[in-house]
Amino acid sequence: MDTQILSGKEVSNAVYEALKNRIEALKSQSIIPGLAAVLVGEDPASQVYVRSKTKKFASLGLHSETITYSTDITQDEILAKIRELNNNVLYHGILVQLPLPGHIESETVLNAVDPKKDVDGFHPYNLGCLTAGKPTFIPCTPKGIMRILEHYKIDLSTKHVVVVGRSNIVGRPISILTNLKQKFSNATTTVCHSGTKNINQFTHQADVVILALGSPEFLNGNDIKDRAVIIDVGINRIDDDSERGYKLVGDGEVASLLGKASALTPVPGGVGPMTIAMLVENTVEAAERSLH
Ligand code: GUN
């Protein structure tokens, strides 16, 4: 059986195409959607992610700035910067790249972002709205996953979705989104995590498995039922002897999933590009809302 490859790259291009008119309409009113990204420390993956985000903003003619701090910055200095960004009309979105160094309380920093500029959807106000079924800003990766499913007409209604991982960034919000009472959603969702015994006993029952645990090639073909859909959020670096010294793999073991799953998102080129597309969409939305 053929396994359909769900291309986030393709879906993200459709998102950018659809955003063009909205961006033009804002520009005609002298508004250029703007993003401020706060990057603390030298985590190489975070540096790559932030650079990809700001590069995409530039390529779309949008405004973005990265505020970079070394690891020894104090929490108060970051909080002061966020207050300043909250009041700067050039920025419609503020993003604090995670993880933050250990001496900084992520929760305190994320709570300081104006919920109206919280394009990552990490502020408790926005998370609360999502939980109550009235989403405002939806976190980018979960929003991107729902958009891929919608694009490929994979309707979750009445399906059993098993989410592996319960992070605030992906696992928890996607577990809420998948069972909201709305189009393409309405699933029955099970969340597995590090405290779950025999995770494969759950994945075996799933119509859709969403992998968001960050464990290279964790799930293989024997862990799923025939024709399950696999959404792989993992981006794991594995050392190899290539020039750059590593390769990227997901949380799924692709060789054994191909032919058994009905569809899967590749790594790279699956969920990753959607995270950036949804960040752009949320920032455009924030700019539009700033007009009202
Ligand atoms: N770290 C990993 N994923 C994300 C994300 O989507 N947003 C931010 N700000 N940090 C992250």
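Structural data are supplied above this passage.
Residues numbered from 1 in each chain as written. Predicted model: local features only at pLDDT ≥ 70, side-chain atom pairs only at ≥ 80, totals over all residues. Heavy atoms only, no water.

Thoughts on the environment of Ile 176
Here Ile 176 lies in helix α7 (residues 171–177). What Ile 176 contacts, discounting residues up to four positions off in sequence, is Leu 130 and Thr 131. (Helix = DSSP H or I, 4+ residues; strand = E, 2+ residues; numbered from the N terminus. Contact = heavy atoms within 4.5 Å.)

What to know about the sheet that holds strand β5 (residues 160–164)
Here six strands make up an open sheet; going across it, the order is β1-β11-β8-β7-β5-β6 and the pairing parallel. The sheet is open, and its two edges are formed by β1 (4–5) and β6 (188–192), each paired on a single side. Sheet topology places β5 next to β6; five bridges connect them, and they run parallel. Bridge pairing links Val 161 to Thr 189 in β6. (Pairing = 2+ DSSP bridges.)

A look at the sheet that holds strand β3 (residues 63–69)
Sheet strands line up and pair through hydrogen bonds in the backbone, either parallel or antiparallel. If you trace the three strands from one edge of the open sheet to the other, you get β3-β2-β4, paired in parallel fashion. A single partner strand is all that each edge strand has here, and the edge strands are β3 and β4 (93–96). Neighbour to neighbour, the strand axes of the sheet diverge by 15 degrees on average, direction disregarded. Here strand β2 (residues 34–40) pairs with β4 via four bridges, running parallel. By the bridge assignment for β4, Val 38 is matched with Val 96. (Axes fitted to C-alpha atoms, helices over the stretch in contact; angles between N-to-C directions.)

Focus on helix α3 (residues 75–86)
Taking 1.5 Å of rise per residue, the 12 residues of α3 would be expected to cover 16 Å, and the 16 Å separating its terminal C-alpha atoms lies within 8% of that figure. All of the buried residues along α3 are Gln 75, Ile 78, Leu 79, Lys 81, Ile 82, Leu 85 and Asn 86. The arc that holds the buried residues of α3, viewed along the axis, is 160 degrees, so those residues lie on one side. More than 90 degrees from the buried face of α3, the exposed residues found are Asp 76 and Arg 83. In the core, the buried residues of α3 are packed alongside β2, β3, β4 and α4 (106–112). (Expected span 1.5 Å × (residues − 1). Buried < 20%, exposed > 50% of the residue type's maximum accessible area, 1.4 Å probe, protein only. Arc of directions from axis to C-beta.)

Here we look at the packing of helix α1 (residues 8–27) against helix α6 (residues 140–151)
Closest axis-to-axis distance for the α1/α6 pair is 10 Å, and the angle between their directions is 95 degrees. When the axes of α1 and α6 are compared, the pair comes out roughly perpendicular. The segment α1 lies against α6, with Gly 8, Glu 10, Val 11 and Val 15 engaging Arg 147, Ile 148 and His 151. For the contact of α1 with α6, the class distribution of residues is three nonpolar, two polar and two charged. (Parallel < 35°, antiparallel > 145°, perpendicular 65-115°, else oblique. Nonpolar A, V, L, I, M, F, W, Y, C, P; charged D, E, K, R; others polar.)

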